[in-house]
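A closer look at the structure
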Number of protein chains: 2
Amino acid sequence: MKYSGSGKDAFVLGVDIGGTNIKYGVFRGTKDFMRLLSDGSFPTDRSEGGKYVFSDFFRRMEGRLSEDGLDFSKIGALGIAVPGPVTEGRTVHGCPNLGWGTVDVRKAAEMYFHGPVYAVNDANAACRGEFTYGAGKGCRSGVMVTIGTGIGSGIWLNGTVLEGAFGATGEIGHMPMHPEAGPERLCGCGKTGCLEQYASASGILKTAELLRAEDQSFQEDSELTAEIVFKKAKEGESWAVRTAESASEMLGHAFAFVSCVLDPEIFILGGGVSRAGEAFRNRIQAAYRKYCYWPSRDAAFALAGLGNKAGIYGAAQGAFSLFCEPNQKCSAAGSG
Amino acid sequence: MKYSGSGKDAFVLGVDIGGTNIKYGVFRGTKDFMRLLSDGSFPTDRSEGGKYVFSDFFRRMEGRLSEDGLDFSKIGALGIAVPGPVTEGRTVHGCPNLGWGTVDVRKAAEMYFHGPVYAVNDANAACRGEFTYGAGKGCRSGVMVTIGTGIGSGIWLNGTVLEGAFGATGEIGHMPMHPEAGPERLCGCGKTGCLEQYASASGILKTAELLRAEDQSFQEDSELTAEIVFKKAKEGESWAVRTAESASEMLGHAFAFVSCVLDPEIFILGGGVSRAGEAFRNRIQAAYRKYCYWPSRDAAFALAGLGNKAGIYGAAQGAFSLFCEPNQKCSAAGSG
């Protein structure tokens, strides 16, 4: 099966490959005026070191599109977000969640699709999505922070996502907040006291368990999730309030460091933990204003606007950009 | 007196206005191949709120040039670095060291000079200088850190100095390293525990005085300077070694935060304190590698290459760029 799309009625497919699901969106338009025609997801086939990820996805995708009355051969370009560091818009250097080592994503996709392929790190795709079609639309600079199992971020500067020298741009989850911490805050990176050991979903759980155990008045010993912690905090449960405060405090402090470097216009909060909503956002912003250098005190704080679709938007927008000159409107006419 | 330069034999004048001295350099060439013809400095006339800074400077400058056999009327463009936040390459919003409020630098200079004027913050000028003609030449990204009375930095990204949303980009001196610190580490910004309260010349002195007072074996009570501290550290004096270690540790830790955001190729160390030299550089790099997220561990650390001339290089290079298209060689032909 090989596909190629061209002409004014061509589509762009944005794909966001995660360890559990692959999300997709079919878009029409231009990079500046994209319209989502349909979207959905499939389970990720991680069997045998992830060797069937693409074959399984493209097989299912073709079926799904024809159910939706769309024709795969009309797809003009493909944007693929992957959970690992990407260089040159094509090669990913290891995706532990998929079982992948270094993979040339473009080459792998070209087995099933003829046309321009854009590969991008998933956090950077979400950043691109939020700053072109979400909460950051119109901003010149900002940080899209994803707070989930870990903490990652993408940095938006003058119309593009920043790429660093060693593939570690926006790795704010590994900010050395408390390098003196003990093994109870040991991070996957090998150090202790990284930001995500306190403020990611798993970091929040650690704090909650410690504080709940200390709380004499609280006898329950049920299993916790970050969601339950925030629910209990809303109900005024003391240990949960202190947990939420501690995580917000740590995030506000970390963002103050970011501002002393980048001085961004806006911080966008996404990922599972950000579903704690406005109260969490307000706490983080209050902490930030306490710690930041005063000229940056008016940086905006917003919740992500595209939810878990930010990645497919960003991947598709990057793919549209492949055949668009800057500031020029153009349709998704592929290289056929 | 009005001047204007044009033609192939025109010069560019780079000026770096400080609270004590105004440094200048006369350059010929193009933005990519500048040659310093002559340089020097004058005292800054700060009388009456700095109202004579420009008139005094241009009067002296004309005299100095003619002594050097150069003709002021051949100056095609002017780059001016000022100690305050600059917007739009022309307006500075307060220079406490000069007694200035908001000043339209371009307009003020045009009283004495006809032709393109480029105004720039002094730390950003030094950054531009180091990354175009100094230790950072050829690097795509990096941070030029000036460690003097305070700590400032400029951020180089893809051929230009980064400008932030609120004029606070690269203000790493105000990173909230120990916000819980007491009044002995009170910063000019109103907070306690900022990086520069530990690792600038004045911060280093604070630490040295504390540690020397603790040191029972050390009875001397002479006045200290950062230079003396580093000299004593070299001689193995215990309190001085601990002071140097503590400052380097704090800088390495701070730079690890920077890397989690920007992931730069190189850190360049300039300013008075950086004259402590290779030993200081090595200590900072060792601390950095201890704290940083591992992918960024190979970021380079270099001492500034242009010394106190980085500002005049950067100001002149920015002025040359005013009439140069990107990637195009061009001479300093002014708009006459």
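Right, let's walk through the structure included here. (Residues numbered from 1 in each chain as written. Chains lettered and ligands numbered in written order. Predicted model: local features only at pLDDT ≥ 70, side-chain atom pairs only at ≥ 80, totals over all residues. Heavy atoms only, no water.)

Observations concerning the overall build of chain A
Where we set the bar: We count a stretch as a helix when DSSP gives it H or I for four or more residues in a row; a strand needs E for two or more, and each element gets its number in order from the N terminus. For the radius of gyration, the atom set is restricted to C-alpha positions; the globular benchmark scales as 2.2 Å times the number of residues to the power 0.38. A 1.4 Å probe rolled over the protein chains alone gives each residue an accessible area, and that area as a share of the maximum for its type sets the label: buried under 20%, exposed over 50%, partly exposed in between. Note on areas: Shrake-Rupley with a 1.4 Å probe; residue coverage comes only from the protein chains shown. His is not counted, nor are the chain ends; Lys and Arg add positive charge and Asp and Glu add negative charge. For charged residues, the charge sits on one atom: NZ in Lys, CZ in Arg, CG in Asp, CD in Glu.
Each helix and strand counted, chain A has ten helices and 13 strands in total. Here the C-alpha radius of gyration of chain A, 21 Å, is about what a compact globule of 336 residues would show, namely 20 Å. By principal-axis analysis of the C-alpha atoms, chain A measures approximately 65 × 45 × 35 Å. The proportion of buried residues among the 336 residues of chain A is 56%. Looking at chain A as shown, the accessible area adds up to about 13900 Å², and 48% of this sits on carbon and sulfur atoms. Side-chain charges of chain A comprise 34 positive and 37 negative groups, with the mean position of each set lying 5 Å from the other.

Notes on the relation of the copies chain A and chain B
Note the cut-off: When the copies are superposed, the least-squares fit takes in the C-alpha atoms of residues with a pLDDT of at least 70 in both. By definition, residues are in contact when any of their heavy atoms lie within 4.5 Å.
Aligned on chain B, chain A shows an RMSD of 0.0 Å; the corresponding rotation is 180° and the shift along the axis is 0.0 Å. This pairing of chains is accounted for by a two-fold axis. Of the interface residues in chain A, 100% have counterparts in chain B that sit at the interface too, so the contact is made through matching surfaces.

Some words on the packing of helix α8 (residues 238-262) of chain A against helix α9 (residues 278-291) of chain A
To describe two helices that pack against each other, one gives the angle between their axes and the distance between the axes. Residue and element names in this part refer to chain A. Short version of the rule: As a rule, the C-alpha atoms of each element are fitted with a line to give its axis, helices using only the stretch in contact, and angles between N-to-C directions run from 0 to 180 degrees. Orientation categories follow fixed angle ranges, with anything under 35 degrees roughly parallel, anything over 145 roughly antiparallel, 65 to 115 roughly perpendicular, and all other angles oblique. Crossing handedness follows the turn of the near helix against the far one: under a right angle anticlockwise gives a left-handed crossing, and clockwise gives a right-handed one. Residues are sorted three ways: Asp, Glu, Lys and Arg are charged, Ala, Val, Leu, Ile, Met, Phe, Trp, Tyr, Cys and Pro are nonpolar, and all the rest, Gly among them, are polar.
At a minimum axis distance of 7 Å, the contact between α8 and α9 shows a crossing angle of 50°. One finds that α8 runs oblique with respect to α9. Note that α8 runs across α9; the crossing there is right-handed. Contact with α8, carried on its side by V241, A244, E245, S248, E249, L251, G252, H253, F255, A256 and S259, involves F280, R283, I284, A287, Y288, K290 and Y291 of α9 and no other residues of that element. Among the residues forming the contact of α8 with α9, the class breakdown is ten nonpolar, four polar and four charged.

Things to note about the sheet that holds strand β13 (residues 300-303) of chain B
Residue and element names in this part refer to chain B. The following threshold applies: When DSSP finds at least two bridges between two strands, those strands are taken to pair.
With respect to topology, five strands assemble into an open sheet ordered β11-β10-β9-β12-β13, the strand pairing being mixed. Each edge of the open sheet is held by one strand with a lone partner, namely β11 (160-161) and β13. As judged from the four bridges shared by strand β12 (residues 266-270) and β13, these two strands associate in the parallel manner. Looking at β13, one finds that L269 is bridged to L303.

Brief notes about the interface of chain A and chain B
Rules: A pair is scored as a salt bridge if a Lys or Arg side-chain nitrogen falls within 4 Å of a carboxyl oxygen belonging to Asp or Glu. Side-chain atoms alone can form a polar contact between residues adjacent in sequence; in general such a contact is a pair of N or O atoms within 3.5 Å, and within protein one must be able to donate a hydrogen while the other accepts it.
Listed per partner, the contact involves 41 residues of chain A and 41 residues of chain B. Applying the counting rule to chain A against chain B returns zero salt bridges. At the junction of chain A with chain B, the criterion picks out 16 residue pairs in polar contact (both at pLDDT 80 or more). Those elements that provide at least two residues to the side of chain A that touches chain B are β10 (151-157), α8 and α9 of chain A.

Some details on the side chain of S141 of chain B
One can find S141 of chain B in strand β9 (residues 141-147). A distance of 3.2 Å separates the side chain of S141 of chain B from the backbone nitrogen of E265 of chain B, its partner in a polar contact. Filtering out sequence-adjacent residues up to four positions away, S141 of chain B remains in contact with A165 of chain A together with F131, W156, L157, D263, P264, E265 and I266 of chain B.

Observations regarding empty space enclosed by the protein
Residue and element names in this part refer to chain A. The line we're drawing: Only protein atoms enter the 1 Å grid used here, on which a cavity is any set of points holding a 1.4 Å probe that cannot leave and a pocket is any open set flanked by protein within 12 Å on both sides along at least five of seven lines; residues with an atom within 4 Å of a point are listed as lining. Grid points are joined across faces, edges and corners, and a volume is the space filled by probe spheres set on the points.
According to the stated counting rule, one finds one cavity of 30 Å³ or more in the structure shown. Volume-wise, the largest cavity comes out at about 40 Å³. Lining the largest cavity we find V15, I17, I22, V53, F54, F57, F58 and I80. Of all the elements in the fold, those that place two or more residues in the lining of the largest cavity are β1 (11-17) and α2 (53-67). With four residues, the single largest contributor to the lining of the largest cavity is α2.

Brief notes about the environment of F230 of chain A
Residues and elements named next belong to chain A. Examined against the element boundaries, F230 turns out to sit in helix α7 (residues 226-234). Using a relative accessible area of 15% as the deciding quantity, one classes F230 as buried. Sequence separation between F230 and F280 is 50 residues, and the spatial gap between their C-alpha atoms is 8.7 Å. Sequence-distant contacts of F230, defined by excluding residues within four places in its chain, comprise I204, A244, V273, A276 and F280.

So, the environment of G29 of chain A
Residues and elements named next belong to chain A. Relative to the helices and strands, G29 resides in strand β2 (residues 21-29). Look at G29 and you get partly exposed, because its relative accessible area is 22%. Sequence spacing of G29 and F11 is 18 residues, and the spatial spacing of their C-alpha atoms is 7.7 Å.

Notes on the packing of aromatic side chains
Using the following cut-off: Pairing of aromatic rings covers Phe, Tyr and Trp, the last through its six-membered ring, and needs centres within 6.5 Å; plane angles under 30 degrees mean stacked, over 60 mean edge-to-face, and all others mean tilted. Note on geometry: a ring has a charge over it if NZ (lysine) or CZ (arginine) is within 6 Å of the ring centre and within 35 degrees of the ring normal.
Evaluated as defined, the whole model comprises 35 aromatic pairs over all chains. Pairing F42 of chain B with F57 of chain B gives two aromatic rings, centres 6.0 Å apart and planes at 65°, and the pair type is edge-to-face. In this pair, F42 of chain B is assigned in strand β3 (residues 34-43) and F57 of chain B in helix α2 (residues 53-67), connecting sequence segments 15 residues apart. This pair shows no difference in class: F42 of chain B is buried, exactly as F57 of chain B is. Linked through ring pairs, Y24, F42, F54, F57, F58, F72, W100 and Y112 of chain A together constitute an aromatic cluster. Over the aromatic face of W239 of chain A sits the side chain of R212 of chain A, whose NZ or CZ is 5.8 Å from the ring centroid.

Concerning the packing of helix α4 (residues 122-133) of chain A against helix α10 (residues 310-322) of chain A
Residues and elements named next belong to chain A. Relative orientation of the contacting elements α4 and α10 amounts to 80°, with a least axis distance of 6 Å. The orientation of α4 with respect to α10, classified from their angle, is roughly perpendicular. On α10, the residues touching A125, A126, R128, G129, E130, T132 and Y133 of α4 are A310, G311, Y313, G314, A315, Q317, G318 and S321. Residues belonging to the contact of α4 with α10 are distributed by class as follows: six nonpolar, seven polar and two charged.

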